[in-house]
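So the chains spell out like this:
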Amino acid sequence: MITNPAKITRQHLANQAAPDYSLARKACACGKASTAKQLAQHGKCAACALAAVRDAIIPGDFAKLQHMLGAVQGKPKNRWGYRNYFAAGSGQQHEAMQRLVAAGLATAGRAANEMTYFHATRLGCKAAGLDGAGIKRAMED
């Protein structure tokens, strides 16, 4: 196959036109490496953003989020995410779930027999400590 020098030149010029910040590595305020694009858009690395979400919720709510995903002490980590629901009745459980929904960690599902089912979002799965396979398991229907 004969290469066309004009195409090579155009590709090279197209690469030069990319924004300076795209994938260049920079350090976050916490000292961890992150892409410049992430820092420009959000002002912090993904780890700092996740830590901020964890700090924003009450520890009891965090325990409910972990229970919702089966991410509890007795289960091995490779089984976390086998479930993704929490049946909340009225009262404190429902209020806790509403706080998780407001934080973007859960969504409200169907209501049945005076109970509402809540499901974790991808952000909720990350906050609970699930790995990629666990998130995939949790997001399956």
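Read on for an overview of the structure. (Residues numbered from 1 in each chain as written. Predicted model: local features only at pLDDT ≥ 70, side-chain atom pairs only at ≥ 80, totals over all residues. Heavy atoms only, no water.)

### Section: the overall build of the protein chain
- Assigned secondary structure in the protein chain consists of seven helices and five strands.
- When its helices and strands are written in sequence order, the protein chain yields α-β-β-α-α-α-β-α-β-β-α-α.
- A buried classification covers 27% of the 141 residues belonging to the protein chain.
- In the protein chain, 44% of the contacts between residues at least 6 apart in sequence involve partners at least 24 apart.
- Split by element, the accessible area of the protein chain, about 9400 Å² in all, is 54% carbon and sulfur. (Helix = DSSP H or I, 4+ residues; strand = E, 2+ residues; numbered from the N terminus. Buried < 20%, exposed > 50% of the residue type's maximum accessible area, 1.4 Å probe, protein only. Contact = heavy atoms within 4.5 Å. Areas by Shrake-Rupley, 256 points an atom, 1.4 Å probe, with all protein chains shown as cover.)

### Section: the sheet that holds strand E3 (residues 86-88)
- Spatially, three strands are ordered E3-E5-E4 in an open sheet, and the strand pairing comes out antiparallel. At either margin of the open sheet sits one strand with a lone partner, and together these are E3 and strand E4 (106-112). On average, adjacent strands in this sheet sit at an angle of 30° to one another, irrespective of strand direction.
- The sheet contact formed by E4 and strand E5 (residues 115-120) spans five bridges and is antiparallel. Within E5, the residue paired with Ala112 across the bridge is Met115.
- Docked against the sheet, helix H4 (residues 59-68) engages E3, E4 and E5, running at close to 85° with respect to E5. (Pairing = 2+ DSSP bridges. Axes fitted to C-alpha atoms, helices over the stretch in contact; angles between N-to-C directions.)

### Structural notes on the packing of H4 against helix H5 (residues 92-102)
- Across the interface, H4 lies against H5 with an axial gap of 10 Å and an inter-helix angle of 85°. Between H4 and H5, the angle falls in the class roughly perpendicular. Contact residues: H4 offers Asp61, Lys64, Leu65 and Met68, while H5 offers Gln93, Ala96, Met97, Arg99 and Leu100.
- Its residues assigned to classes, the contact of H4 with H5 comprises five nonpolar, one polar and three charged. (Parallel < 35°, antiparallel > 145°, perpendicular 65-115°, else oblique. Nonpolar A, V, L, I, M, F, W, Y, C, P; charged D, E, K, R; others polar.)

### Here we look at the nonpolar core
- In terms of nonpolar packing, the biggest core is built from 22 residues, with Leu65, Met68, Leu69 and Leu130 touching the most fellow members.
- Secondary structure elements with two or more residues in this core: helix H3 (46-56), H4, E3, H5, E5, helix H6 (122-128) and helix H7 (132-139).
- Ranked by residues supplied to this core, first place goes to H6 with three residues.
- Apart from residues lying up to four places away in sequence, Leu65 is in contact with Leu100, Leu105, Ala120, Gly124, Ala127 and Ala128. (Core = buried A, V, L, I, M, F, W, Y, C linked by side-chain atoms within 4.5 Å.)

### Digging into the packing of aromatic side chains
- Per the stated rule, a full pass over the model turns up one aromatic pair.
- An angle of 55° between the planes, with centres 6.5 Å apart, marks the rings of Tyr85 and Tyr117 as tilted. A residue pair is termed long-range when its members are at least 10 positions apart, and Tyr85 in the loop between H4 and E3 and Tyr117 in strand E5 qualify at 32 residues.
- The cationic tip of Arg83 hangs over the ring face of Tyr85; the distance from NZ or CZ to the ring centre is 4.3 Å.
- One Lys or Arg, Arg110, reaches over the ring of Tyr117 and ends 4.7 Å from the middle of that ring. (Phe/Tyr/Trp six-rings, centres within 6.5 Å; stacked < 30°, edge-to-face > 60°. Lys NZ or Arg CZ within 6 Å of the ring centre and 35° of its normal.)

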